[in-house]
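# Topology and contacts: notes
Okay, here's what each chain looks like letter by letter:
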Amino acid sequence: LDGIPIKVKERKDNVKRVLKGLILQLILNILNLKDIFFGQEKSTELLTKCIYMSIELCLDVGELNFLFKDIYKIMEEKGYFNFFMEKIKPFILNNRITSTQLGQKFTIKMLKYYMNINDYTTISRIIINIDDLNLDIKEIKDICWEKNIIVSLVYIYFKYYEDNLFELILKVYDLFNKSNN
């Protein structure tokens, strides 16, 4: 088989490694050559397809670390952070990628990104889909208080701070009083 491993695990590992390299090279080629060969519209279309296919592939083969470390790093370094965040959004909102898979750092990064663009609906959907008790809920709660995202706060308090519901009631009451004055 000319260098192809006989053992199934080794063969799968080799295929994953080669595919990862090809994906990264394709993304870099699109980003580096976009204006020369494709033009803005065509390069955006190609990059969108490439990112969506990469996400699907990473989900199918269980390689989300590759997505959130390698692909994300390239996108961020090349100035495509916002583009990446928008392309990953439907997968998170449809619970195809969970907060467990995102991890604390990336979940917070996403919440802050959507907070900066005032997309409170997406913030609420991400928070409601949080499935990992290992996340620092306090940091997420603080983000919600900062922007007065009441729906998410109610959810967080009922799920994680059941003993402190009175605190939530007082703060929400205070918010309504301030807005009515």
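Attention in this report is confined to the structure presented alongside it.

The rules we used
- Residues numbered from 1 in each chain as written.
- Predicted model: local features only at pLDDT ≥ 70, side-chain atom pairs only at ≥ 80, totals over all residues.
- Heavy atoms only, no water.
- Axes fitted to C-alpha atoms, helices over the stretch in contact; angles between N-to-C directions.
- Helix = DSSP H or I, 4+ residues; strand = E, 2+ residues; numbered from the N terminus.
- Parallel < 35°, antiparallel > 145°, perpendicular 65-115°, else oblique.
- Left-handed = near helix turned anticlockwise from the far one by under 90°.
- Contact = heavy atoms within 4.5 Å.
- Nonpolar A, V, L, I, M, F, W, Y, C, P; charged D, E, K, R; others polar.
- Buried < 20%, exposed > 50% of the residue type's maximum accessible area, 1.4 Å probe, protein only.
- Patch = residues over 30% accessible without salt bridge, like charges linked within 9 Å, V, L, I, M, F, W, Y side chains within 5 Å.
- Areas by Shrake-Rupley, 256 points an atom, 1.4 Å probe, with all protein chains shown as cover.
- Salt bridge = Lys/Arg side-chain N within 4 Å of Asp/Glu carboxyl O.
- Arc of directions from axis to C-beta.
- Core = buried A, V, L, I, M, F, W, Y, C linked by side-chain atoms within 4.5 Å.
- Phe/Tyr/Trp six-rings, centres within 6.5 Å; stacked < 30°, edge-to-face > 60°.
- Lys NZ or Arg CZ within 6 Å of the ring centre and 35° of its normal.

What follows is about the packing of helix α2 (residues 40-61) against helix α3 (residues 64-77). At a minimum axis separation of 8 Å, α2 and α3 run at an interaxial angle of 155°. Classed by the angle they form, the pair α2 and α3 counts as roughly antiparallel. Remark: the crossing between α2 and α3 carries right-handed chirality. Contacts between α2 and α3 pair Leu-47, Ile-51, Ser-54, Ile-55, Cys-58 and Leu-59 from the former with Leu-64, Phe-66, Leu-67, Ile-71 and Met-75 from the latter. For the contact of α2 with α3, the residue count by class is ten nonpolar, one polar and no charged.

A positive phi angle is found at Asn-95, which is not glycine, with a value near 60°. Structurally, Asn-95 is set in the loop between α4 (81-93) and α5 (99-116). Judged by relative accessible area, Asn-95 falls into the partly exposed class, the value being 41%. One non-glycine residue, Asn-118, lies in positive phi territory at about 60°. With respect to the element layout, Asn-118 can be found in the loop between α5 and α6 (120-128).

Moving on to a nonpolar patch on the surface. A grouping of Val-15, Val-18, Leu-19 and Leu-22 is seen on the molecular surface, where their side chains present a nonpolar patch of about 330 Å² in accessible area. Along the chain, Val-18 turns up in helix α1 (residues 8-38).

The subject of this paragraph is helix α8 (residues 150-160). Within α8, the full set of buried residues consists of Ser-152, Leu-153, Ile-156 and Tyr-157. Buried residues of α8 fall within an arc of 130° about the axis and therefore sit on the same side. Looking at α8, the residues exposed on the side facing more than 90 degrees away from the buried face are Val-151 and Phe-158.

Next up on the list: the nonpolar core. The biggest cluster of nonpolar side chains holds 51 residues, and the ones touching the most others in it are Ile-27, Leu-67, Met-75 and Ile-97. Met-75 has contacts with Ile-27, Leu-31, Leu-47, Ile-51, Tyr-80, Phe-81, Phe-83 and Phe-84, leaving out every residue within four places of it along the chain.

It is worth spelling out the packing of aromatic side chains at this point. In this description, a pair of aromatic rings is defined by centroid distance and the angle of the planes. Overall, the coordinates contain nine aromatic pairs when judged by the stated rule. Judged by centre distance (6.3 Å) and plane angle (90°), the rings of Phe-84 and Phe-106 are edge-to-face. Of this pair, Phe-84 sits in helix α4 while Phe-106 sits in helix α5, and the two are 22 residues apart along the sequence. Like Phe-106, Phe-84 is buried. Seen in terms of ring centroids, Tyr-113 and Tyr-114 are 4.7 Å apart; in terms of plane orientation they differ by 75°. Their pairing is edge-to-face. An aromatic cluster is defined as three or more aromatic residues linked by ring pairs; in this entry it consists of Phe-68, Tyr-72, Phe-81, Phe-84, Phe-106, Tyr-113 and Tyr-114. The positively charged end of Lys-87 is found above the aromatic ring belonging to Phe-83, 4.8 Å away from the centroid.

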